[in-house]
Every structure is written in C-alpha cells, then in structure tokens.
Amino acid sequence: MSDHCIRDRDLAAVAAATPEPYYLRRREFLRLFGLGVAASAFLPLTSQAASTGFPDALNAGYKLDGVKITPEDLVTSYNNFNEWGQAKDQPKELANRGWKTRPWSIEIGGLCANPRKMDVDELIQLLGPIERRNYRHRCVEAWSMVIPWDGFPLAKLVDLAQPKGEAKYVRFASFFDSANCRAQRSNDFPWPYTEGLTIEESRHELAFLAVGLYGKPLPNQNGAPIRLVVPWKYGFKSAKSLAKIEFVAEQPKTLWNQLAPNEYGFYANVNPNVDHPRWSQKSERVIGAGFFSGKQATLMFNGYEKQVGHLYAGMDLRKNF
Ligand code: MTE
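The structure reproduced in this document is the subject of the present report. If you're wondering where the values come from, they're calculated on a predicted model, not measured in any experiment. (Residues numbered from 1 in each chain as written. Predicted model: local features only at pLDDT ≥ 70, side-chain atom pairs only at ≥ 80, totals over all residues. Heavy atoms only, no water.)

Moving on, we come to the site of the ligand. Taken together, 17 residues form the shell around the ligand, and within it Asn82, Glu83, Arg227, Ser238 and Lys240 come nearest. The backbone of Asn82 places a nitrogen or oxygen atom 2.7 Å from an oxygen atom of the ligand. At 2.7 Å, a side-chain N or O of Arg227 approaches an oxygen atom of the ligand. Grouping the constituent residues of the shell around the ligand by class yields 6 nonpolar, 8 polar and 3 charged. (Near = heavy atom within 4 Å. Polar contact = N/O pair within 3.5 Å; in protein donor to acceptor, adjacent residues only side chain to side chain. Nonpolar A, V, L, I, M, F, W, Y, C, P; charged D, E, K, R; others polar.)

The side chains of a regular strand alternate, first on one face of the sheet and then on the other. Within strand 5 (residues 169–174), 5 of the 6 residues are buried, which leaves the element mostly enclosed by the surrounding structure. Two strands pair when backbone bridges link them, and strand 5 and strand 6 (residues 194–198) are joined in this way by 5 bridges, in the antiparallel orientation. Bridged to Ala173 within strand 6 is Thr194. Strand direction decides the pairing type here: strand 5 and strand 10 (residues 242–248), joined by 6 bridges, are antiparallel. The residue bridging Ala173 from the neighbouring strand is Lys244, located in strand 10. (Buried < 20%, exposed > 50% of the residue type's maximum accessible area, 1.4 Å probe, protein only. Helix = DSSP H or I, 4+ residues; strand = E, 2+ residues; numbered from the N terminus. Pairing = 2+ DSSP bridges.)

Here 5 strands make up an open sheet; going across it, the order is 2-1-10-5-6 and the pairing mixed. The outermost strands of the open sheet, each flanked by one partner alone, are strand 2 (116–119) and strand 6. Averaged over neighbouring strand pairs, the angle between their axes works out to 15° when direction is ignored. In this structure, strand 1 (residues 105–110) lies alongside strand 2, joined through 4 bridges in antiparallel fashion. Paired with Ile106 across the strands is Met118, a residue of strand 2. (Axes fitted to C-alpha atoms, helices over the stretch in contact; angles between N-to-C directions.)

Okay, the side chain of Asn271 next. Inspection of the secondary structure puts Asn271 in the loop between helix 9 (255–259) and strand 11 (283–286). Take Asn271: its relative accessible area is 7%, and that puts it in the buried class. Apart from the residues within four sequence positions on either side, Asn271 is in contact with Tyr234, Gln281, Met300 and Leu317. (Contact = heavy atoms within 4.5 Å.)

Taking the residues between adjacent antiparallel strands as the criterion, strand 1 and strand 2 are bridged by 5 residues. Summarising the sheet, strand 1 and strand 10 pair through 4 bridges and their orientation is parallel. Paired with Ile108 across the strands is Ile245, a residue of strand 10.

Most of helix 7 (residues 154–161) sits out of view: 6 of its 8 residues are buried. When we look at burial in helix 7, the residues that qualify are Leu154, Ala155, Leu157, Val158, Leu160 and Ala161. Two residues or fewer past helix 7, Gln162 is found with a positive phi of approximately 55°.

Okay, the pattern of salt bridges next. Tallied over the full model, the rule gives 12 salt bridges. For the salt bridge of Arg133 with Glu131, the shortest nitrogen-to-oxygen distance reads 2.7 Å. For Arg133, a relative accessible area of 3% translates into the label buried. Accessibility expressed as a relative area gives 18% for Glu131, which makes it buried. Across the salt bridge formed by Lys237 and Glu195, the nearest N and O atoms sit 2.6 Å from each other. Linking Lys237 in the loop between strand 9 (227–229) and strand 10 with Glu195 in strand 6, this pair joins segments that are 42 residues apart in sequence. (Salt bridge = Lys/Arg side-chain N within 4 Å of Asp/Glu carboxyl O.)

By themselves these figures say nothing about function.
Structure representation (structure tokens):
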C-alpha cells in the first residue's frame, strides 16, 4: 500500500454504469461451468439464473440509490494487489500473465464441525444462488469507488462450516504460490496475505464473498476466483483470491497489522474521526469523478452505520481502530 496518493491516470467524468445485456453474462457463466447452450436452452431463464448463473437484477436492498457506480474499466485497472505489484496499474498486467485461478482449491477449517477442502466451483454451487449488490468501497489510502459485486453473504459459508462455540474469529488467507508469483519469493511481506473478522462480523448480512463484478466472473486483478468484501471497513480487510478460511479462538495476525500495527488496526472500520497517522481520513477521492469534483466527505462506517453500529456499541473506536 503506497503512502502517497497516486493520481488517477484516467480522471474521466463520472459515468453511470451501463450494464451489458444480461443474456451475455448468463452465457458466459454457463460456459464457465461447462454447461452447454443446448442443455441450458430447456431451462426457463429464471431457473438458469437462480441455479447456475449470475443474477438478472440487483438485490433491491443494496441499490445505493442516487450513487454513481464506478466505471468498470477503472474498477479493473486501478487495483491494490501487492502479490502482483505495488503500482495501481500493475495487477491488471502481472496477474494475467499466465496465473491460473481455475481450477482452484479452497479449504474451510479450524474450529468448526464441518471442515472441508473443495474446488471453488463446488463451493459456489453450495452457496448459491449468486446475488448482486452495489457496495461502497473505501481504501485506507483515502480513495473510493462504488462496485456492483456478485456473490453470497459470508454468513452462508459460516453456516455451512458450523463453527464451534470456542471460535471467536475467522481468519482469511489468500493464495501462496511462490513458484508463479514472484513477489512471494521475497520476505518483504509476511505472505500469504491474511485478514480477520470477529465471528459476529462474519455473520453480519453485509459481509460478502464475491465471485464476480458487473455480472461477470472476477478478473484476476480483483481477486479471482473468490474474495472477501466487507464494505464498512477499509478495503485492506477484503482479502483477495482466498485459499483458506479458518475459525479460530484468538484474534488472528493480519498482514498489514504485522507490518505496521500503529497504522493498520485489526478492526479497520472506516472512520472519518480517526486519522491515519500519516494522512487525514475525513474525505476521499472518488475514482473516476474528475480532478475538481472528485472529493467527498467520508462517512462513518462508510455509510453503513445504521446496519453495523451495534457491533461496536461501547467500544473505544480510537483504541480499536
Ligand atoms: N488482498 C490481497 N491478497 N492482496 C492485497 O494486496 N489489497 C487490499 C484488498 N485485498 C490486497 C488484498 C486492499 S489495500 C484493497 S483497497 C483492496 O483489496 C482493493 O481491491 P480492488 O483492487 O478490487 O479495488
């Protein structure tokens, strides 16, 4: 994560999302899952979408009325993914030079009654149907986007795993593949990228596992094939390309917290009243909104205070930053 704000290469005027025809998305997904057009042609459209593909519409509860969706080309070209470079435009280039994100094995383990290791597409089938939600996305570096994600409530995976009573936290680990990922051959970072949530946070309806954006499978640079999205927290909590999800008794060590504990707390809730030691968190640059019109005030819990405030009732948010 850089300590200075890199100016957007493309500060295009704000554009509302122009969704592609949904039938194209469905076909793309059916191809991905190896389901022929001939077989799918006999299914009614609604059952195709519900059982195997991306949804035809947003979940009405997560529309974010009046908010501009960030243009797709910016969401997929302005990325933080340190495994694939530290400049914003590097992940798109370096994560697509032969890195395979399918087939992909994912492990669910630790203190739970139903541990398992399986192929990610099997997990997607188990957790389906996929739903679409527009979420605000606020990076700790003080820039923001609004992204239409496709995926599932994380709570569905938690229910599947059946955590034991002693499980107080969930630890998320991204992939580790030093043979194919050059950055992981260096000890500059304590790889793999790890993050964590409390068990209550993991069960919150907003905590999400994304497998797509804009109605298409996640591009590698955005965390294919499956990533965490926790919209009320700084973006670094949303670990990409997950390989392992573990239920644990103690607060897990996380990558940024190990590197700079005074800068990146475990909770990392978006909070305009608690500055980062090196910059203000009061406002944010809206990616794609243009040089002069692109600043806006940062909202408590990134605008999700009504939904998540109770999780932190009575907690000192300066101490637990
Ligand atoms: N996950 C992994 N594995 N590696 C990373 O470097 N960066 C985090 C988060 N997840 C990161 C990661 C940060 S700092 C942010 S802001 C978001 O991913 C960026 O997600 P995006 O590129 O899809 O916008």
